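Close look at the chain arrangement
Take a look at the letters that make up each chain.
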Amino acid sequence: SRNGIYNIRKLVCVSTMVTKLLGLWSIFLFVTLVNQCHSLSLNPITKSASLASDTSQPYHFVILGGTGRIGTAVATHILRRSPASKITLAGRDVERGRNAVSEVVSCCSSNPQNDQITFKCVDWRDNDAFVPLIEKCDCVIHTAGPYLEEEPTPLRAAISAMSSCKAYVDVSDPLDFIDKSLAMSDDAVASGTSALVAAGAFPGMSNVLAMEAATSLPPSSVNKVRDVRFNYFTAGLGGSGDVNLYITNLGFGEPMVQYDKGVLRFFKALSGLLLGKVDFFLQDNEESATNEGFGNDMAKSHIGRQTVFSWPFPEAATVAKELNISGDSSAAMGTAPDAWNAMLGLLVSIVPRSLWRSKRFSQFMADFSQPLVKATDALLKITSPDNVGETHAMRVDVTGEDGNAVLIVQAHESFHRCVGQVGAYLL
C-alpha cells in the first residue's frame, strides 16, 4: 500500500512501507519535481498506532547490539518518545554494557527509575541464553551487525517465542538476510508477530523516500517509473562505530544487484567503483519544502557536492522491484574527506574480490585503517562547520517514463543518531 501505514501483525519489508512516516523526522527534507519545477509540501501526520508511540503503556524493549553506537541511539530515541519504557541492552562485553547504560541514562530528559535501563550479557547466537531473555519482552530490536552470511535467528526466535514478544525490528542490509527474513512471513502472521526488516536509514528510510518520490510524480507517470537512484554520504564513520569499516569492506566483495533496462542483474565487478560527484542539496533554482532542523543552506555548506562509489545496498533491487521499474537502478555512497574515497577506489581496483569477501581480510583492513579514520573523525569535528563531524545525507532520484523526475534530499547532523531515530520511530 502507498496510502496508509501497515499496522497489521505480519512480516513486512520497509521497501513496501508507506511514505507518510516522513512527518516523524526531526531533519530537513525537500523535494523538487525536476522537469516541471513544482515544490512539494510534506506535512507531518498523526503517528501510527505502534509500541513506542503509545506512551500510555510502558513496554519492554530488548536491543541486540545494545552496546554499539546504533543500539544506544535506538534506546535513547525510544525513551524520548516513551519515557516509562523498559530497555534491556544485550551484548557480549560487560564493560561496554556498563558504559552503554551510562550513555543512555545521560541522554534521557527524565530521570530513569532503578532497573529501567539494564544490560544483559548474552550472545544472540546462543539460543539457550537468548530465548529466555526475549520471552520476557514486548519487542526485539536487532542492531548487532554485520548481517552478511548470518541467519535471521533473532527474528525466528521472536516469532516462535511463547511470550509477550510480539514485535521485531532490525537494521539489516544484505539481500540474502532480508529474503530469509521475508520467507518467515506466514509464520509471523500465524504467531501474531509484527516485524520490520531493513528498518535503518539506508536501507530503510531511503526506501520510504523513494516510494514518496514515486507517488509524487505527475499523474501521467504514476505506476510508470523508469529509473530509481540512491546516493548516500556519511562523514567519517558517522559516529556509528568501528563495525561500519568492517561492513563497508565486506561489501566490496559482494556483487551489485540492480536493475538494467528493467531486468535484475548481478554485476560482480561494480562494488567500490568510483562514480563521480553528487550534489546533496538543491540548486538555487529549485524550490524546497523544508522541515525543522537542517535546511538546504546548511546542507550546501556542511555537505555540498561529494564523491560516491557503488556499494551493494539492497534497495537498488527491492525498491526497483516494488516500483516495477522499466529502466535502471543504482546505489552508491561516499565519505569525507574525499581522499578516503580515492583510496578505497584504488584498493578495490587492486585487491581481488575474493579477499574482500574474506571476513578475516576485511577485518584486518578495518583494524589497520581504524586509527586513521578515528583521527580523521576527530579532525572533522574540529574543522567542520559547527563542529559537526558525523553529518549524513541521502539523495533519492525517481524518474518516470515520460522524463519527469522527483528528487528528495535528506540530511542529518549525526548518522548514528539518524539510524537510531528511524529504528525507534518505525516501531
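Here the structure is a predicted model, which means the values were calculated and not measured.

Procedures and definitions
Residues numbered from 1 in each chain as written. Predicted model: local features only at pLDDT ≥ 70, side-chain atom pairs only at ≥ 80, totals over all residues. Heavy atoms only, no water. Buried < 20%, exposed > 50% of the residue type's maximum accessible area, 1.4 Å probe, protein only. Helix = DSSP H or I, 4+ residues; strand = E, 2+ residues; numbered from the N terminus. Pairing = 2+ DSSP bridges. Expected span 1.5 Å × (residues − 1). Arc of directions from axis to C-beta. Disulfide = S-S within 2.5 Å. pLDDT = per-residue confidence, 0-100. Contact = heavy atoms within 4.5 Å. Phe/Tyr/Trp six-rings, centres within 6.5 Å; stacked < 30°, edge-to-face > 60°.

Here we take up the pairing of strand 10 (residues 225-235). Extensive coverage of strand 10 is indicated by the burial of nine of its 11 residues. Bridging between strand 10 and strand 16 (residues 392-400) involves nine bridges; their strand directions are antiparallel. When the sheet's bridge partners are listed, F230 is paired in strand 16 with V396. Alignment of strand 10 against strand 15 (residues 329-336), held across eight bridges, turns out to be parallel. Each residue of the ladder has a partner; that of R229, found in strand 15, is S330.

Right, let's talk about helix 11 (residues 338-350) for a bit. Residues that lie three or four places apart on an α-helix share one face, since the helix turns once every 3.6 residues. Here helix 11 contains 13 residues, and its C-alpha end-to-end distance of 19 Å stays within 8% of the 18 Å for a straight helix at 1.5 Å per residue. Along helix 11, the residues classified as buried are W340, N341, L344, G345 and V348. Projection of helix 11 onto a plane perpendicular to its axis shows the buried side chains occupying an angular sector of 135°, all on one side. Along helix 11, the residues that are exposed and aim more than 90 degrees away from the buried face are A339, L346, S349 and I350.

Between G145 and the following residue, P146, the backbone shows a cis peptide bond with an omega angle of 5°. Backbone torsion omega between A336 and P337 reads 0°, so that peptide bond is classified as cis. Looking at where P337 falls in the secondary structure, it is placed in the loop between strand 15 and helix 11. Phi is positive for A198, which is not a glycine, with a value near 60°. Tracing the backbone shows A198 in the loop between strand 9 (194-197) and helix 7 (205-215). Overall, the relative accessible area of 1% leaves A198 in the buried class.

In this section: the state of the cysteines. Taken as a whole and judged by the stated rule, the model has zero disulfides. C137 forms no disulfide, and the closest cysteine sulfur to it belongs to C165, at a distance of 4.0 Å. You can see C139 has no disulfide; the closest cysteine sulfur is in C165, sitting 6.7 Å from it.

Structurally, Q421 can be placed in helix 14 (residues 415-425). Accessibility expressed as a relative area gives 2% for Q421, which makes it buried.

Glancing now at the confidence of the model for the chain. For the chain, the average pLDDT comes to 79, and 76% of its residues sit at 70 or higher. The secondary structure element of the chain with the lowest average pLDDT is strand 3 (residues 38-39), at 28, and the one with the highest is strand 11 (residues 256-260), at 96. Note on residues 1-49: pLDDT is under 50 here. Beyond four places in sequence and across chains, it has 153 contacts.

Our next topic: the side chain of T67. Position of T67 among the secondary structure elements: in the loop between strand 4 (60-64) and helix 1 (69-81). Beyond its immediate stretch of four places on either side in the chain, T67 contacts A90, G91, D93, R96, G97, A100 and F119.

Moving on, we come to the environment of K300. With respect to the helices and strands, K300 occurs in helix 9 (residues 296-302). According to the relative accessible area criterion, K300 is partly exposed, its value standing at 34%. Linking K300 and D279, residues 21 residues apart in sequence, is a C-alpha distance of 8.3 Å.

The next subject is the environment of A201. Considering the arrangement of structural elements, one finds A201 in the loop between strand 9 and helix 7. Separated by 31 residues in the primary sequence, A201 and Y232 have C-alpha atoms spaced 9.9 Å apart.

So, about the packing of aromatic side chains. Within a pair of aromatic rings, the relevant descriptors are the distance that separates the centres and the angle that separates the planes. According to the stated counting rule, one finds 11 aromatic pairs in the structure shown. For the ring pair F233 and F280, a centre distance of 6.2 Å and an interplane angle of 45° mean the geometry is tilted. Here F280 lies in the loop between strand 13 (274-279) and helix 9 and F233 lies in strand 10, a separation of 47 residues in the sequence. Here the two residues F233 and F280 agree in accessibility, since each one is buried. Relative to W356, the ring of F252 has its centre 5.3 Å away and its plane inclined at 75°; by these criteria the two rings are edge-to-face. Here F252, found in the loop between helix 8 (243-251) and strand 11, pairs with W356, found in helix 12 (residues 353-356); they are 104 residues apart in sequence, far enough to count as distant. For the pair F252 and W356, a shared accessibility class is recorded, and that class is buried. By the ring-pair criterion, three or more aromatic residues cluster together here, those being F202, F230, Y232, W311 and F313.

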